[in-house]
Amino acid sequence: VVGLLQLRYLLGGVSPFWYEIVTVAVMLGASVSGLVERRSFEHAWHAVGFSAAVSGLVVLIHDPGAPRDVVLYLSGMFPGWLVGGLVLRSLEPEHGPSGTSHFYGLRQSRPTASLVLFLSFLFVAGFPISPAFIGEDLILHHCAGSSLWVAGAISLGYVINGLTLARIYCHLCLGPPESVRQQKLALS
């Protein structure tokens, strides 16, 4: 869809406003998709990462003079997205392709993987330990001055992404390990 709009824009038929609408819809759709994904945390993780990357595209469409700020944001977000995806993928052989949805207690059984996931989540969410934090502010600054609805939509996407990341981390890393959960179920 974006490619067709781009072709029409190059031919002079579509204004950049329609690009903004389509890319904001794609970004929010990916955010909501990650939030409602229940079977695979890896799919939810990649939906959040995709949504965050598309937010940079929205800003580039809105303000073509912002590539330096978008690159700063993506330089903080992409490494966390990549490393977190690799950690989630490393859990798959242990628990099967959809087994992570039934897994708990990673913090106690694999503390290093839990710490790496935590740091990855902070990077993707734009926490102050990464360049994504400053990049998010700069991205919103480019939109807030001339198009408040775009800034609001990007902010909403960031909030939904944060909720999704917190859900994934809490489910995978917190709580008792699976063996303790199974023992409690057997006793009751």
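Because the structure is a prediction, the values reported are computed rather than measured.

## Digging into the packing of helix α7 (residues 131–144) against helix α8 (residues 148–173)
Following both chains from N to C, one finds α7 and α8 inclined at 150°, their axes separated by 7 Å at the closest point. The orientation of α7 with respect to α8, classified from their angle, is roughly antiparallel. Contacts between α7 and α8 involve E136, I139, L140, C143 and A144 from the first element and L148, V150, A151, I154, S155 and Y158 from the second. Considering only residue class, the contact of α7 with α8 consists of nine nonpolar, one polar and one charged.

## Observations concerning the packing of aromatic side chains
Here the structure, examined in full by the defined rule, presents five aromatic pairs. Seen in terms of ring centroids, F78 and W81 are 5.4 Å apart; in terms of plane orientation they differ by 20°. Their pairing is stacked. With F78 and W81 both in helix α4 (residues 67–95) and three residues apart, the pair spans about one turn of that helix. Its relative accessible area of 15% is what places W81 among the buried residues. An angle of 85° between the planes, with centres 5.7 Å apart, marks the rings of F121 and Y169 as edge-to-face. One end of the pair, F121, is in helix α6 (residues 111–125); the other, Y169, is in helix α8, with 48 residues separating them in the sequence. A residue is classified by how much of its surface remains accessible, and F121, at 6% relative accessible area, is buried.

## Some words on a nonpolar patch on the surface
Together, L115, F118, L119, F127 and I129 line one region of the surface with nonpolar side chains, adding up to about 450 Å² of accessible area. Along the chain, I129 turns up in the loop between α6 and α7. For I129, a relative accessible area of 45% puts it in the partly exposed group.

## Quick look at the nonpolar core
Counting 39 residues, the largest nonpolar core has Y73, M77, L117, I154 and L172 as its most contacted members. Among the secondary structure elements, those contributing two or more residues to this core are α2 (16–36), α3 (41–62), α4, α6, α7 and α8. Among the elements that make up this core, the one with the highest residue count is α8 (10 residues). Setting aside residues up to four positions removed in sequence, Y73 forms contacts with A52, S55, P131, A132, G135, E136, I139 and Y158.

## Some details on the side chain of N161
Structurally, N161 can be placed in helix α8. N161 gets classed as buried once you look at its relative accessible area, which sits at 5%. Side chain to side chain, N161 and S51 meet in a polar contact 3.4 Å long. With near-sequence residues (within four places) excluded, N161 lies in contact with S31, V48, S51 and A52.

## Looking at the pattern of salt bridges
If charged atoms from side chains of opposite charge come close, those side chains can pair. Taken as a whole, this structure holds one salt bridge when the rule is applied. E42 is the partner of R89 in a salt bridge, and the nearest nitrogen-oxygen pair spans 2.7 Å. Placement of R89 in helix α4 and of E42 in helix α3 is noted, with a sequence separation of 47 residues between them. Judged by relative accessible area, which is 10%, E42 ranks as buried.

## Regarding α7
Because an α-helix packs 3.6 residues into every turn, residues spaced three or four apart end up facing the same way. Taking 1.5 Å of rise per residue, 14 residues should cover 20 Å, and α7 covers 20 Å from first to last C-alpha, within 8% of that figure. Within the span of α7, buried status applies to A132, G135, E136, I139, H142 and C143. Buried residues of α7, viewed axially, fall in a sector of 130°; they line one side.

## Quick notes on the environment of S130
Note on placement: S130 falls in the loop between α6 and α7. Put simply, S130 and S120 are 10 residues apart on the chain and 9.9 Å apart in space, counted from C-alpha to C-alpha. Once you skip the residues sitting within four places of it in the chain, S130 turns out to touch G76 and F123.

The rules behind each value
Residues numbered from 1 in each chain as written. Predicted model: local features only at pLDDT ≥ 70, side-chain atom pairs only at ≥ 80, totals over all residues. Heavy atoms only, no water. Axes fitted to C-alpha atoms, helices over the stretch in contact; angles between N-to-C directions. Helix = DSSP H or I, 4+ residues; strand = E, 2+ residues; numbered from the N terminus. Parallel < 35°, antiparallel > 145°, perpendicular 65-115°, else oblique. Contact = heavy atoms within 4.5 Å. Nonpolar A, V, L, I, M, F, W, Y, C, P; charged D, E, K, R; others polar. Phe/Tyr/Trp six-rings, centres within 6.5 Å; stacked < 30°, edge-to-face > 60°. Buried < 20%, exposed > 50% of the residue type's maximum accessible area, 1.4 Å probe, protein only. Patch = residues over 30% accessible without salt bridge, like charges linked within 9 Å, V, L, I, M, F, W, Y side chains within 5 Å. Areas by Shrake-Rupley, 256 points an atom, 1.4 Å probe, with all protein chains shown as cover. Salt bridge = Lys/Arg side-chain N within 4 Å of Asp/Glu carboxyl O. Core = buried A, V, L, I, M, F, W, Y, C linked by side-chain atoms within 4.5 Å. Polar contact = N/O pair within 3.5 Å; in protein donor to acceptor, adjacent residues only side chain to side chain. Expected span 1.5 Å × (residues − 1). Arc of directions from axis to C-beta.

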